[in-house]
Amino acid sequence: METLFYERLKTYFGNDYEKVLAKLKEEAKTSIFLNIAKAPKGEIAKFLLFEHWPSKINPLSYYYRYAGIGKTKAYDLGLIYPQELSASLPSLIPDTKDVKIVLDMCAAPGGKSINILNRLNDDAILIANEIDYIRAQVLTSNLERLGFGNVIITNKRPEELLILRGKIDLLILDAPCSGEGMVKKYPEIIEDYNINHILNCARTQKELLKVAYELLKPGGQLIYSTCTYAPEEDEQQIKTFINDHEDLYLKPFKLDFKTYEGMAKMGFLDDMEGQFMAYMQKSGSSSSILPMAKTAKEPLVEAFIKDNLSLDNYYLYRQKDRFFLSLVPLPDLGSKIMRMGVYLGEIVAKRFEPAHHLYRANNLRKYFIKTYDLNDRQYDDFIKGAELGVDLSDGYYLLSYQKLALGFGKVANKRLKNKYPKGLRRMI
Ligand code: SAM
């Protein structure tokens, strides 16, 4: 199987083949994406206390060298997302100015969603969908850590998204693929290399593209990407797709100071992992009117909001005893919804228990009435899950570090009960 991998690689790269082989022997580069939705770039820079340098091609992507990235304040505070540079590129392509409804069709673990959310206006909504429930949970926790509130997270099969037929302004289809571009990170891809796998991936992608086409509104933009070099999954796939749809065309785009005629491939020779991307648009124009989800009324929850947030206008949604809040009205997407905007909390034994997401949401940060900025020692204790002694009146507090939201706690009798999620706690 290895022989086949290298034979095909030779056909992809021709005269550059030897250079590619040399690149494959190099260690994979690690990079992070800066979440400017949480803090400006200059402020994030103060937290990057490890070796890092700019990527040149994406102004928000930086290379770094540091094994403990997941144990940094930058990570805890949601200022960074570890992501290989090439994976961050597709989201740089579309025009996001007038975009209102975005769908990331295969969204977990969340990289493309995070990239595009950093480019959307406040009134835009991202629907982040993931077919696999466990991966959808990872997606949820990543979007929560980075503080996104204008997101609906769904766990649907692609066909189940067709309730949104003709409504999507911008669709990102980062398709499951054979992963040839990831071999530095996952060498087992070479060992298991198999043409049937490539053809199976191509078949799945074709089905996903069919659904994507149906979902796009006239005038809607489509970004298709894979992390493989296989033409069956990349150029050939897209050429056939375009040929099959008269009202769909490739759009030129600029990346790395070059103009591409609708398709681009980055890879080992550019010091990256492999990434194919195509940019398409459906001709025509239309505005999307979506049926809105029914809002909820619940005195216990409304009283909590009134006491804790100086917020007059909001939309409250309910899923059994769980409540969600949004600053913009959200569409009704039926079942298999994991998040509807910000997860506010739930009613447990007739009491309302707020959730961590509420205190991490970037769009709600400025509305909190009770906030408390932790010093370095308190930060370390809080991250470990310890209770803190504080000179504060009773109630729930948004806890921040250098004014950046970290989590929350409940004060009673000068003791702050730690509400940092158990799964996130760690020793320093
Ligand atoms: N966009 C993600 C990001 O940037 O973090 C990466 C997505 S990954 C390349 C492809 C995703 O497609 C996986 O999460 C996988 O679970 C999902 N997937 C696999 N088979 C699928 C199918 N038949 N239909 C829809 N999604 C599928």
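This report concerns the structure included in the present document. Think of each chain on its own: its residues are numbered from 1, step by step along the sequence as written. Per-residue local features are limited, in this predicted model, to residues with pLDDT of at least 70; the limit for side-chain atom pairs, both in listing and counting, is 80 or more; totals at the level of whole chains, interfaces and linings are taken over all residues. As a rule here, side-chain values come from all non-hydrogen atoms in the structure, and water together with hydrogens is ignored.

Now for the packing of helix 9 (residues 195-215) against helix 10 (residues 235-244). Axis definition: a line fit to C-alpha positions, over the contact stretch in the case of helices; interaxial angles, taken between N-to-C directions, run 0 to 180 degrees. Strands here mean DSSP runs of E at least two residues long; helices mean DSSP runs of H or I at least four residues long; both are numbered from the N terminus. Relative to each other, helix 9 and helix 10 sit at 35 degrees, their axes nearing to 11 Å. Regarding helix 9 and helix 10, the two cross each other, and that crossing is right-handed. For the pair helix 9 and helix 10, contact is made by Ala202, Gln205, Lys206, Leu209 and Tyr213 and by Gln237, Ile238 and Phe241, respectively. In the scheme used here, Gly and all other residues not listed as nonpolar or charged are polar, with Ala, Val, Leu, Ile, Met, Phe, Trp, Tyr, Cys and Pro taken as nonpolar and Asp, Glu, Lys and Arg as charged. Looking at the contact of helix 9 with helix 10 residue by residue, the classes come out as 5 nonpolar, 2 polar and 1 charged. If you view the pair so one helix is near and one far, a crossing is left-handed when the near helix is turned anticlockwise from the far one by less than a right angle, and right-handed when it is turned clockwise. Note on contacts: a residue pair qualifies if any of its non-hydrogen atoms lie within 4.5 Å across the two residues.

Each full turn of the α-helix corresponds to 3.6 residues, which orients residues three or four apart in the same direction. Taken residue by residue, helix 10 has Gln237, Ile238, Phe241 and Ile242 as its buried positions. The buried side chains of helix 10 occupy one side of the element, clustering within an arc of 125 degrees when seen end-on. For helix 10, exposure combined with an orientation more than 90 degrees from the buried face picks out Lys239, Asn243 and Asp244. Elements that come into contact with the buried residues of helix 10 comprise helix 9, strand 9 (216-226), strand 10 (248-250), strand 13 (263-266) and strand 14 (275-282). Only protein chains enter the accessibility calculation, which uses a 1.4 Å probe; a residue is then buried when its area is under 20% of its type maximum, exposed when over 50%, and partly exposed in between. To be clear, the arc concerns the directions from the helix axis to the C-beta atoms.

All right, on to the sheet that holds strand 3 (residues 61-65) then. One open sheet holds the 4 strands; their spatial order is 2-3-1-4, and the pairing between them is antiparallel. In the strand order of this sheet, the two ends are held by strand 2 (51-54) and strand 4 (80-82), each with one partner. In this sheet, adjacent strand axes meet at a mean angle of 35 degrees when their direction is disregarded. Relative to strand 3, strand 1 (residues 30-34) runs antiparallel, the two being bridged by 4 bridges. Strand pairing is assigned whenever DSSP detects at least two bridges linking the two strands.

Turning our attention to the sheet that holds strand 15 (residues 315-319). In spatial order, the strands read 15-16-18-19; together these 4 strands make up an open sheet with antiparallel pairing. Each of the sheet's edge strands pairs with one partner strand only, and the pair in question is strand 15 and strand 19 (351-354). Neighbour to neighbour, the strand axes of the sheet diverge by 30 degrees on average, direction disregarded. In the sheet, strand 18 (residues 342-348) pairs with strand 19 via 4 bridges, with the strands oriented antiparallel. In the sheet register, Val348 faces strand 19, and the bridge partner there is Arg351.

Among the structural elements, Arg165 can be located in the loop between strand 7 (151-154) and strand 8 (168-174). Through-space distance from the C-alpha of Arg165 to that of Gly284 is 15 Å; in sequence the pair is 119 residues apart. Setting aside residues up to four positions removed in sequence, Arg165 forms contacts with Glu214 and Leu215.

Below, the discussion takes up the packing of aromatic side chains. Centre distance within 6.5 Å is the pairing criterion for rings of Phe, Tyr and Trp, where only the six-membered ring of Trp is used; planes under 30 degrees apart are then read as stacked, over 60 as edge-to-face, and the remainder as tilted. Following the criterion strictly, the structure yields 20 aromatic pairs and no others. Look at Tyr359 and Phe408: their rings are 4.3 Å apart centre to centre, the planes differ by 5 degrees, and that puts the pair in the stacked class. In this pair, Tyr359 sits in helix 12 (residues 356-360) while Phe408 sits in strand 23 (residues 404-412), placing the two residues 49 residues apart along the sequence. Judged by its relative accessible area of 1%, Tyr359 is buried. Connected via pairs of aromatic rings, a cluster forms that spans Phe304, Phe352, Tyr359, Phe368, Tyr396 and Phe408. In this arrangement the basic side chain of Arg145 is found over the ring face of Tyr75, its NZ or CZ atom lying 3.7 Å from the centre. Note on criteria: charge over ring means Lys NZ or Arg CZ within 6 Å of the ring centre, with the direction from the centre no more than 35 degrees off the ring normal. For Arg322, the ring lying beneath its charged end belongs to Tyr343, and the centroid distance is 4.6 Å.

Next up on the list: the pairing of strand 16 (residues 322-326). Remember that side chains alternate between the two faces of the sheet whenever the strand is regular. With respect to burial, strand 16 is a largely interior element, 4 of its 5 residues being buried. For strand 15 and strand 16, the ladder comprises 5 bridges, and the chain directions are antiparallel. Note that in strand 16 the partner of Arg318 across the bridge is Phe323. The antiparallel hairpin formed by strand 15 and strand 16 contains 2 residues in its connecting segment, where Lys320 sits at a positive phi of about 50 degrees. As defined by bridge partners, strand 16 adjoins strand 18 across 4 bridges and the pair is classed as antiparallel. The residue bridging Leu325 from the neighbouring strand is Val342, located in strand 18.

In this section: the site of the ligand. Only a single heavy atom is needed: when it lies within 4 Å of a molecule or strand, its residue is near that molecule or strand. Around the ligand sit 16 residues, and of these Cys106, Gly111, Glu130, Arg135 and Asp174 come closest. The separation between an oxygen atom of the ligand and a polar side-chain atom of Glu130 is 2.6 Å. For the area figures, the Shrake-Rupley method with a 1.4 Å probe applies, and any residue is considered shielded solely by the protein chains shown. In isolation the ligand has 600 Å² of accessible area, and contact with the protein removes 78% of it. Placement of the ligand is best described as lying within the largest pocket. Breaking the shell around the ligand down by element, the ones donating at least two residues are helix 6 (111-117) and helix 9. Residue classes in the shell around the ligand are distributed as 9 nonpolar, 3 polar and 4 charged. Polar contacts, as used here, are pairs of N or O atoms within 3.5 Å; protein pairs need one atom able to donate a hydrogen and one able to accept it. Residues neighboring in sequence count only if both atoms are side-chain atoms. For cavity detection a 1 Å grid was placed over the protein atoms alone, and a set of points counts as a cavity when a 1.4 Å probe fits there but cannot get out; an open set counts as a pocket when protein lies on both sides within 12 Å along at least five of seven lines, with lining residues being those that have an atom within 4 Å of a point. Occupancy of a cavity or pocket is assigned to a molecule whenever over half of its atoms lie within 2 Å of that pocket's grid points.

What follows deals with the pattern of salt bridges. Within this document, salt bridges are pairs made up of a side-chain nitrogen of Lys or Arg and a carboxyl oxygen of Asp or Glu, the two lying within 4 Å of each other. Taken as a whole and assessed by the stated rule, the structure comprises 27 salt bridges. Residue Glu235 pairs with Lys265 through a salt bridge whose shortest N-O separation is 2.9 Å. Note that Glu235 is positioned in helix 10 and Lys265 in strand 13, a separation of 30 residues in sequence. Overall, Glu235 belongs to the partly exposed group, its relative accessible area being 24%. Judged by its relative accessible area of 28%, Lys265 falls in the partly exposed class. Through salt bridges with shared partners, a single ionic network connects Lys23, Glu26, Lys29 and Asp271.

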